[in-house]
Each structure stands twice: as structure tokens, then as C-alpha cells.
Protein chains: 2
Amino acid sequence: MRIGELADRSGASIRSLRYYEEQGLLASERSASGQRHYAESAVERVLFLRRLYAAGLTSSTIAQLLPCAYAPSTTTSDHAFDVMVEERAKLDAHIAELLHTRDAIDGFIAANRAHRGELISAQQ
Amino acid sequence: MRIGELADRSGASIRSLRYYEEQGLLASERSASGQRHYAESAVERVLFLRRLYAAGLTSSTIAQLLPCAYAPSTTTSDHAFDVMVEERAKLDAHIAELLHTRDAIDGFIAANRAHRGELISAQQ
DNA sequence: TCAGGGCCTGACACTGACGTCAGAGGCACG
DNA sequence: CGTGCCTCTGACGTCAGTGTCAGGCCCTGA
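Here's what I pulled together on the structure shown here. (Residues numbered from 1 in each chain as written. Chains lettered and ligands numbered in written order. Predicted model: local features only at pLDDT ≥ 70, side-chain atom pairs only at ≥ 80, totals over all residues. Heavy atoms only, no water.)

### Topic: the overall build of chain A
Going by this rule: Comment: elements are numbered from the N terminus, with helices defined as DSSP H or I runs of at least four residues and strands as E runs of at least two. When a residue's accessible area, from a 1.4 Å probe over protein chains only, is under 20% of the maximum for its type it is buried; when over 50% it is exposed; and in between it is partly exposed. The criterion used for residue contact is that any of the two residues' heavy atoms lie within 4.5 Å. Methods summary: accessible areas were calculated by the Shrake-Rupley approach with a probe of 1.4 Å, and residue burial reflects only the protein chains presented.
What chain A contains, in helices and strands, is five helices and two strands. Scanning chain A from its N terminus toward the C terminus, one meets helices and strands in the order α-α-β-β-α-α-α. When each of the 124 residues of chain A is scored for burial, the buried share is 35%. For chain A, restricting intrachain contacts to residue pairs at least 6 apart in sequence, the fraction spanning at least 24 positions comes to 44%. With an accessible surface of roughly 6900 Å², chain A has 52% of that area assigned to carbon and sulfur atoms.

### Focus: the protein's contact with DNA strand D
Test applied: The nearness test applies per residue and asks whether one of its heavy atoms lies within 4 Å of the molecule or strand. A 3.5 Å cut-off defines polar contacts: any pair of N or O atoms within that distance qualifies, except that in protein one atom must be a possible hydrogen donor and the other a possible acceptor, and neighbouring residues in sequence count only when both atoms are side-chain atoms.
Surrounding DNA strand D, one finds 19 residues, the nearest of these being A:Gly4, A:Arg18, B:Ser13, B:Tyr19 and B:Ser59. By atom count, sugar and phosphate contribute 78% of the portion of DNA strand D lying within 4 Å of the protein. Interatomic distance of 2.8 Å between a side-chain N/O atom of A:Arg36 and a phosphate oxygen of DNA strand D. B:Ser16 is positioned such that a nitrogen or oxygen atom in its side chain is 3.2 Å from a sugar or linking oxygen of DNA strand D. The leading source of residues in the surface near DNA strand D is helix α2 (residues 14-22) of chain B, at four residues.

### Some remarks on the interface of chain B and chain A
Test applied: What gets called buried area is simply the loss in accessible area from a 1.4 Å probe that two parts show on being joined, summed for both. One speaks of a salt bridge when a side-chain nitrogen belonging to Lys or Arg is within 4 Å of a carboxyl oxygen belonging to Asp or Glu. In this classification, Asp, Glu, Lys and Arg are treated as charged, Ala, Val, Leu, Ile, Met, Phe, Trp, Tyr, Cys and Pro as nonpolar, and every other residue, Gly included, as polar.
Between chain B and chain A, the contact holds 34 residues from the first and 34 residues from the second. When the two sides are added together, the surface that chain B and chain A hide from each other amounts to roughly 3600 Å², 67% of it contributed by carbon and sulfur. The interface formed by chain B and chain A contains six salt bridges. Applying the counting criterion to the chain B and chain A interface returns eleven residue pairs in polar contact (both at pLDDT 80 or more). Breaking the side of chain B that touches chain A down by element, the ones donating at least two residues are α3 (41-54), α4 (59-70) and α5 (78-123) of chain B. The leading source of residues in the side of chain B that touches chain A is α5(B), at 24 residues. Along the lines of polarity and charge, the residues of the side of chain B that touches chain A split into 18 nonpolar, seven polar and nine charged.

### Examining the packing of helix α1 (residues 3-10) of chain A against helix α2 (residues 14-22) of chain A
Residues and elements named next belong to chain A. Just so we agree on the cut-off: Angles run from 0 to 180 degrees between N-to-C directions of axes, and those axes are lines fitted to C-alpha atoms, restricted for helices to the stretch in contact. Geometric relationships in this document are graded by angle, where less than 35 degrees denotes roughly parallel, more than 145 denotes roughly antiparallel, 65 to 115 denotes roughly perpendicular, and other angles denote oblique.
Look at α1 against α2: their axes get within 9 Å of each other, and the N-to-C directions meet at 105°. With respect to α2, the axis of α1 lies roughly perpendicular. Between α1 and α2, the residues in contact are Ile 3, Gly 4, Leu 6, Ala 7 and Ser 10 and Ile 14, Leu 17 and Arg 18, respectively. A per-class count over the contact of α1 with α2 returns five nonpolar, two polar and one charged.

### Concerning the relation of the copies chain B and chain A
Threshold: Least-squares fitting of one copy onto the other uses the C-alpha atoms of those residues that reach a pLDDT of at least 70 in both copies.
With an axial shift of 0.0 Å and an RMSD of 0.1 Å, the rotation relating chain B to chain A amounts to 180°. Within this description, the copies of the chain are treated as partners about a two-fold rotation axis. Among all residues of chain B, the one whose C-alpha sits closest to the rotation axis is B:Ile95, at a distance of 3.2 Å. When the interface residues of chain B are mapped onto chain A, 100% of them are again interface residues, pointing to one common binding face.

### Description of the protein's contact with DNA strand C
Near DNA strand C, the surroundings consist of 20 residues, among which A:Ser13, A:Ser16, A:Tyr19, B:Arg18 and B:Arg36 are the closest. Expressed as a percentage, the sugar and phosphate content of the atoms of DNA strand C within 4 Å of the protein is 75%. A:Ser59 is positioned with one of its side-chain polar atoms (N or O) 2.8 Å from a phosphate oxygen of DNA strand C. Between DNA strand C and B:Arg30, the relevant distance is 3.2 Å, taken from a phosphate oxygen to a side-chain nitrogen or oxygen of the residue. For the surface near DNA strand C, the elements supplying multiple residues, two or more each, are α2 of chain A together with α1 (3-10) and α2 of chain B.

### Some thoughts on the pattern of salt bridges
Two side chains bearing opposite charge may form a pair once their charged atoms approach each other closely. Under the counting rule described, the total for this entry stands at 18 salt bridges over all chains. For A:Arg9, the salt bridge goes to A:Glu5, with nearest N and O atoms at 3.2 Å. Of this pair, A:Arg9 and A:Glu5 both sit in helix α1, four residues apart, which is roughly one turn of that helix. Accessibility expressed as a relative area gives 37% for A:Arg9, which makes it partly exposed. When salt bridges that share partners are traced, they join A:Arg88, A:Asp92, B:Arg102 and B:Asp106 into one network.

### As for the environment of B:Tyr38
Residue and element names in this part refer to chain B. Here Tyr 38 is to be found in the loop between β2 (36-37) and α3. The spacing of Tyr 38 and Leu 6 is 32 residues in sequence and 7.6 Å in space, taken between C-alpha atoms. When neighbours within four sequence positions are excluded, Tyr 38 is seen to be in contact with Met 1, Arg 2, Ile 3, Leu 6, Glu 21, Leu 26, Ala 27 and Ser 28.

### Considerations on the nonpolar core
This is how the line gets drawn: Here, the term nonpolar core denotes a set of buried Ala, Val, Leu, Ile, Met, Phe, Trp, Tyr and Cys residues that are joined through side-chain atoms within 4.5 Å.
Among the nonpolar cores identified, the biggest contains 66 residues, and A:Leu6, A:Leu17, B:Leu6 and B:Leu17 are the most heavily contacted of them. For B:Leu17, the contacting residues outside a window of four places in its chain are B:Ile3, B:Leu6, B:Ala7, B:Ser10, B:Ala12, B:Leu26 and B:Val46.

Laid out in C-alpha cells, this is it:
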């Protein structure tokens, strides 16, 4: 498929797809005229890339761990494996932080609901 | 306390503290000469601000929901309350995404460990 | 009273993942 | 064969939070 279709199906913009390629995260076959062509599997790959971006990973970090994700058979992926384990740990810490933040917000929401409840009671 | 101490105790840079003030997120008393002075409570407030930033909230979003967090008694905080509830929902969705991503990474890690196990077995 | 560190404002630099525009060629369809 | 949509490269713009620098005032201790 061409880049427009991949964009539609993955939810990424055409600009983003070209950027991912520039960063070495997404390969493409080129037609004689230079147009990019992608296999079906590219859709899922882009979705995974977007997931990693959403998790706060940077392009270069993703580039480092990708070999681990897509070529577990290579012996050269020691670094990729280490990076992936490290990022998993960071992600875990980040999730814990977010849970804590969510609890804090829940506290404020509860306090407000209580106050609103009082207001409503007072009005009645 | 002055800005330098607040920076030390909150972990935020002096630059950031001034920026938070500029965005209406952090008030300060000014001395006659114009220097900022903060109460003890500012430390905790800055920590909360940093937590919200880390959760991906933007300055203006934080500014919108802060009244709800620090003045639940005002009747004017309807909008703040709505924003806070909305952000809590987004945060929840984000956490779910991250958990999903973590699972995906765990899958890759497991696949790699398995392969490494095979390698080690083959070497023995 | 001088030194040195903290603080002030204002402004420009930077980073990263894009948006967007310009100018040009590719490709299918009527 | 031309029209219209898709794609190409290259380059500059954007946004948000922050770093950093300049030029100058504040304030405490020797």
C-alpha cells in the first residue's frame, strides 16, 4: 500500500510516517518513481510505534529497542534487550506515578462532591 | 522562603517556578525590593504541579482545574470541577494504554528470554 | 565598605514530534 | 491527453517547558 493508505489505517499522519522512516523506525520499499510502498504488517508496526511514543519514549530510544522487538533471533541485540528492559522499568515507575496522581485528583473530586452535597442540602 | 530554597526543596528549577507563576499556577508574596517569598505550603503545591505536568497536563489545563483543588468552597468552580473530572478520565485512559504497552513489551522480553534460553541450552 | 552570592526582568536558544508550504513529478480515469 | 489527486524532497514554522545569558539590583558578612 502507499503512504496515504497507511496513514489512514494507522491513524498517523503522512508527515509522521516519513518522520518515522527518517528516524529509522519504519522501512519502505520504493517504486521506480520513488514512491513508498508498505506491506500489510506496516499497519501494526506503526500502531506499536505510536504506542511507544504515547508512553513517552523518544525516537532514538525506540530505535534502540526495535531490534529486540522484531529480530529476537539476532545475537547482536544485547543492547536492544537491555534498553527494552530498562524502558519497561521506567514505564512501570511512570504508571505508578500516574496512579498516585489519579488518587490525588480523586481526593480533590471527592472533596468537591462533598462540598457540593452540602450546598445542595443547604439549599433544600 | 525565597525562590532558591523552594527550588531546592521542590526539585523544580528556579526558571520553572517563575514560569509557573507566569502561568498563574503559583502565587508569591513580593518583598519591597521585588523578591519572591513563599509559604511552607508552596513546596507541596509545586510537587503537585510537577505531578500534573508529569501526567501530561498542560499549563492552561492545570490553571483551569486548580481552583477546584485549592478552593472547593467557591461556587465559581463549576468549570474547574468539570475540567478535573475530564482530566481524571483522560488520565485513566492513558494509564490503560500504558498498561497495554507494558504488556506488549513484556511479550517481547519474554520472547527474547526464551530465545536466549535456547541459545544457552545450545551452547551447553 | 567592599565582595560575593542570590534575585530580578527580558529575551533568545533549544528540543522533539510534528504541521505546513512550495515546487515538481506520478498515476488513474474519463 | 488533460484533469485531479497522490506523492516526493526540502525547508521553515510551531508549541511547551525549560536552559541560559545579559545587565542590574539586593543583602549579608568580613
